[in-house]
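Listed below, chain by chain, are the residues.
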Amino acid sequence: MVYRSLVRPILFRLPPESAHELALHSLRFVKSFIGRPFESPMLNTDLFDLSFRNPVGLAAGFDKDGVALEPLAALGFGFIEAGTVTYHPQPGNPKPRMFRLSADQALINRAGFNNAGAAAFVERVEHHRPDCVLGISIGKSKITPLEEATADYLASFELVYNLADYIAINVSSPNTPQLRELQQSDQLTSLLMALQTRNHELKQAHGREKPVPLLVKISPDLERRDLEMIVDVIERLNIDGIIATNTTTSRDDLHTERSRVEACGAGGLSGKPLTTRATQMIAALYELTQGRIPLIGVGGIFTAEDAWEKICAGASLIQLYTGFIYQGPRIVRHINEGLVEILRREGFAKITDAVGCKAKELRGIERN
């Protein structure tokens, strides 16, 4: 309540990226106002041979350089996905590159993977590791031609390998030219095959019991046939999971004035307008995979009911970004408390029992 009535109005007077940076660097002072994170054995989830204390995670993009992972974990997240990091340091796209659509509880961003590079990320985070599961998202450097993308991903992969509990392969940001072409069958197969091969080589070299879990983050703008292709590639290469979804380039059904939306320019839209589409994609993926491939659900999650819908659609875990910005740091506790109440109401003993329970119902209208 304090965040929405006092803090958010102050932050929202600043340009979005300035407010984001201020909030990121102020998080270490927030813990004392939040109190002890909410915990319940009903929310414990074991996945990818990892133990998640609850299913609520922070999506990639919020802390690209790993500067606030410890205070973020103290808010009660079950896991944090840091990054997206690239092999080459890069400033990202010119500013302004982040815009609020408050009437829609949404954001448009075209940051373009601004980060200090994978090597700098590792040097910082290995001394400040969060007290929760840590995923690391890697993407293609903008200066790297598409035909050299695999080598670029491999370079980042090797740097973050020993630091990550899982590694997310971002091939779906709309803000790096040609990146989404890597979701095409041949390109995706080549990239993931190379990463999986190197994964097993590094497992041997470092004496790990198992390879690092690999997940692929996909776009919400894919058609049904694209999802079928991606599932086929992921199953053939034994990729561990799918993150659904990234931001959308669609501008349909917004409440914000069209002229103001157009003035924002290109970029990925996140927040409430993405809720239904992301849920439908999760449900479609759950049915396509028959629940064999774990899904992380992202897109328009603001409340426990939003999170519950993603879980019922087939997500084993969920991630926040825009909801965290609009609702504030107590959102993590509110969602976890709310999920326990919903589980009791619906007669489930634990969160894992509910995964995919309404996938057919939530799949919605198929795209051709």
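Scroll up to find the structure this text is about.
Residues numbered from 1 in each chain as written. Predicted model: local features only at pLDDT ≥ 70, side-chain atom pairs only at ≥ 80, totals over all residues. Heavy atoms only, no water.

Visitor: Mind showing me how you'd approach the sheet that holds strand E10 (residues 241-244) here?
Guide: Sheet strands pair by backbone hydrogen bonding; their relative direction is either parallel or antiparallel. Pairing is parallel around the closed barrel formed by eight strands, whose spatial order is E3-E4-E7-E8-E9-E10-E12-E13. The average angle at which neighbouring strand axes cross in this sheet is 25°, direction not considered. In this sheet, strand E7 (residues 133-138) lies alongside strand E4 (residues 79-85) in parallel orientation, the contact comprising five bridges. What sits directly across from Phe79, in E7, is Val133. (Pairing = 2+ DSSP bridges. Helix = DSSP H or I, 4+ residues; strand = E, 2+ residues; numbered from the N terminus. Axes fitted to C-alpha atoms, helices over the stretch in contact; angles between N-to-C directions.)

Visitor: Quick question: what am I supposed to make of helix H8 (residues 224-236) here?
Guide: In an α-helix, one turn spans 3.6 residues; hence positions three or four apart end up facing the same way. Between its first and last C-alpha atoms H8 spans 19 Å; for 13 residues at 1.5 Å apiece the expected length is 18 Å, and the two agree. Where the residues of H8 are buried, they touch helix H7 (185-206), strand E9 (214-218), E10 and helix H10 (275-289). At the exit of H8 stands Asn238, carrying a positive phi of roughly 55°. (Expected span 1.5 Å × (residues − 1). Contact = heavy atoms within 4.5 Å.)

Visitor: Before we go on, may I ask you to explain the sheet that holds strand E6 (residues 106-109) in this structure?
Guide: Strand order in the open sheet made by the three strands is E5-E6-E11, with antiparallel pairing throughout. Every interior strand has two partners, whereas the edge strands, strand E5 (98-101) and strand E11 (268-271), have only one. For this sheet the average axis-to-axis angle between neighbouring strands, irrespective of direction, equals 25°. In this sheet, E11 lies alongside E6 in antiparallel orientation, the contact comprising four bridges. Across the sheet, the residue bridging to Asn109 is Gly268, located in E11.

Visitor: Help me out: how do you make sense of helix H5 (residues 118-125) in this one?
Guide: Taken as a whole, H5 has its buried residues at Ala118, Phe121, Val122 and Val125. Looking straight down H5, one finds that the buried residues subtend no more than 95° of arc, so they occupy a single side. On its buried side, H5 packs onto helix H4 (69-74), E4, E7 and helix H6 (149-160). (Buried < 20%, exposed > 50% of the residue type's maximum accessible area, 1.4 Å probe, protein only. Arc of directions from axis to C-beta.)

Visitor: Sorry, what's going on with the pairing of E9 here?
Guide: Residues in a regular strand project their side chains so that they alternate between the two faces of the sheet. E9 sits mainly inside the fold: five of its five residues count as buried. Burial along E9 is two-sided: the residues Leu214, Val216 and Ile218 and Leu215 and Lys217 are all buried. When strand E8 (residues 166-170) meets E9, the two strands line up parallel, connected through four bridges. Counted as the bridge partner of Ala168 is Leu215 from E9. Taken together, E8, H7 and E9 constitute a β-α-β crossover, and its handedness is right-handed. With four bridges connecting them, E9 and E10 associate as parallel partners. Opposite Leu215, over in E10, you have Gly241 as the bridge partner. Viewed along the sheet, the connection from E9 through H8 into E10 turns out right-handed. (Right-handed = clockwise from strand over helix to strand, strands pointing away.)

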